[in-house]
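Given next are the chains, with one letter for each unit.
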Amino acid sequence: MPATDPSDHAAVDLPDHAVVDLLGLVALGELLAFERMAADARLAPDLRRRAALGGMAAAEIGNYRRVADRLAALGVLPDDAMAPYVGPLQAYHDSTEPRDWAEAVTKAYVGDAITDDFLREIAVALAEPDRQLVLDVLHDSSYAAFAVAEIRAAVEADPRVAGRLSMWARRLVGEALSQAGRVAAAERGALTGLVARSGRVDVEGLFQRLTVAHSARMAAAGLNN
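Note that the structure is predicted; figures quoted are calculated from it, not measured. (Residues numbered from 1 in each chain as written. Predicted model: local features only at pLDDT ≥ 70, side-chain atom pairs only at ≥ 80, totals over all residues. Heavy atoms only, no water.)

Chemist: Before we move on, could you go through the packing of helix H1 (residues 16–40) against helix H5 (residues 101–122) and cite the residues and values that matter?
Modeler: At a minimum axis separation of 12 Å, H1 and H5 run at an interaxial angle of 165°. As far as their axial angle goes, H5 and H1 are roughly antiparallel. The handedness of the crossing between H1 and H5 is left-handed. Touching Leu 22, Val 26, Arg 36, Met 37 and Asp 40 of H1 are Trp 101, Ala 104, Lys 107, Ala 108, Asp 112, Leu 119 and Ile 122, all from H5. The residue makeup of the contact of H1 with H5, split by class, is eight nonpolar, no polar and four charged. (Axes fitted to C-alpha atoms, helices over the stretch in contact; angles between N-to-C directions. Helix = DSSP H or I, 4+ residues; strand = E, 2+ residues; numbered from the N terminus. Parallel < 35°, antiparallel > 145°, perpendicular 65-115°, else oblique. Left-handed = near helix turned anticlockwise from the far one by under 90°. Contact = heavy atoms within 4.5 Å. Nonpolar A, V, L, I, M, F, W, Y, C, P; charged D, E, K, R; others polar.)

Below, the structure is given as structure tokens:
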């Protein structure tokens with residue numbers, strides 16, 4: 001199924017609590033990504049790679065501040081907006097702690113890309129400036145290119161790594177989907193309603209597109225889906 005171009009959809013008017021819920025999820029995701037990358041940088045095999053991941057961590061905290069500032073402009077404390085999602089997002093990261101550099105970059109490549117795809121789809125239901133803000137904090141192509149290069153280098157050095165990283169990626173997806181269910185059941189349900197609002201984002205089609213995009217990423221990195 002071809003991916004839906006978000007520009008094909010017109011933004012719909014949303015109640016403020018739906019926007020707050022989504023921005024709270026985005027803000028927490030950026031904050032936890034910063035913490036994870038800063039910690040995972042210590043797994044890097046050399047200073048060049050350590051600095052590269054550290055730079056990516058800095059970008060994540062910058063994105064967090066942008067979203068937190070927007071929440072504050074809406075009259076909401078960022079802590080309050082993020083609170084419903086702390087449990088499921090933290091559980092995902094706690095259950096997928098990488099053991100080495102190859103697993104760290106695979107986690108960043110697989111997990112963050114799925115999140116980006118999801119947010120890109122959901123952003124079509126937002127009015128400006130929130131729609132553009134969400135799109136702006138998604139990872140750029142250089143982020144994925146770095147991860148793919150590192151994964152391919154690890155596999156080239158030891159072809160047996162491909163099987164281990166493929167299994168690791170499948171585990172990451174499974175854990176992500178499991179915790180996504182917890183996100184949907186979080187205290188405030190406006191986010192769930194946002195996903196399927198007025199049929200503008202078809203839930204079944206959404207997950208099909210996420211799956212297709214994930215398979216393409218696995219192939220690009222030389223891993224089995």
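Chemist: Break down the pattern of salt bridges for me, with residues and values.
Modeler: Under the counting rule described, the total for this entry stands at 13 salt bridges. For Asp 136, the salt bridge goes to Arg 66, with nearest N and O atoms at 3.3 Å. Of this pair, Asp 136 sits in helix H6 (residues 130–136) while Arg 66 sits in helix H2 (residues 47–73), and the two are 70 residues apart along the sequence. For Arg 66, a relative accessible area of 40% corresponds to the partly exposed category. Each member of the salt-bridge network shares a partner with another, and the members are Arg 99, Asp 100, Glu 103 and Arg 164. (Salt bridge = Lys/Arg side-chain N within 4 Å of Asp/Glu carboxyl O. Buried < 20%, exposed > 50% of the residue type's maximum accessible area, 1.4 Å probe, protein only.)

Chemist: Give me unusual backbone geometry: which residues, what numbers.
Modeler: In the segment running from Glu 128 into Pro 129, the intervening peptide bond is cis, with an omega of 5°. Along the chain, the position of Pro 129 falls in the loop between H5 and H6.

Chemist: Give a description of the nonpolar core that names residues and reports values.
Modeler: For soluble globular proteins, nonpolar side chains are generally found buried alongside one another. Residues Tyr 109, Val 110, Ile 151 and Leu 223 are the most contacted members of the largest nonpolar core, which totals 31 residues. Listed by contribution, the elements that provide at least two residues to this core are H2, H5, helix H7 (141–157) and helix H8 (161–184). Sequence-distant contacts of Ile 151, defined by excluding residues within four places in its chain, comprise Val 105, Thr 106, Tyr 109, Leu 165, Ala 221 and Leu 223. Counting residues in hydrophobic clusters, the runner-up holds 29 residues, among them Leu 28, Tyr 85, Leu 119 and Leu 126. (Core = buried A, V, L, I, M, F, W, Y, C linked by side-chain atoms within 4.5 Å.)

Chemist: Would you mind going over the side chain of Arg 49 in detail, with residue names and values included?
Modeler: One can find Arg 49 in helix H2. In this structure the side chain of Arg 49 is engaged in a polar contact, spanning 2.5 Å, whose partner is the side chain of Glu 150. For Arg 49, the residues in contact, after removing those within four places along its chain, are Ala 44, Trp 101, Phe 146 and Glu 150. (Polar contact = N/O pair within 3.5 Å; in protein donor to acceptor, adjacent residues only side chain to side chain.)

Chemist: Could you give an account of the environment of Asp 140, naming the residues involved and the relevant values?
Modeler: Tracing the backbone through its elements, the reader meets Asp 140 in the loop between H6 and H7. Along the chain, Asp 140 and Asp 116 lie 24 residues apart, while their C-alpha atoms are 9.9 Å from each other.

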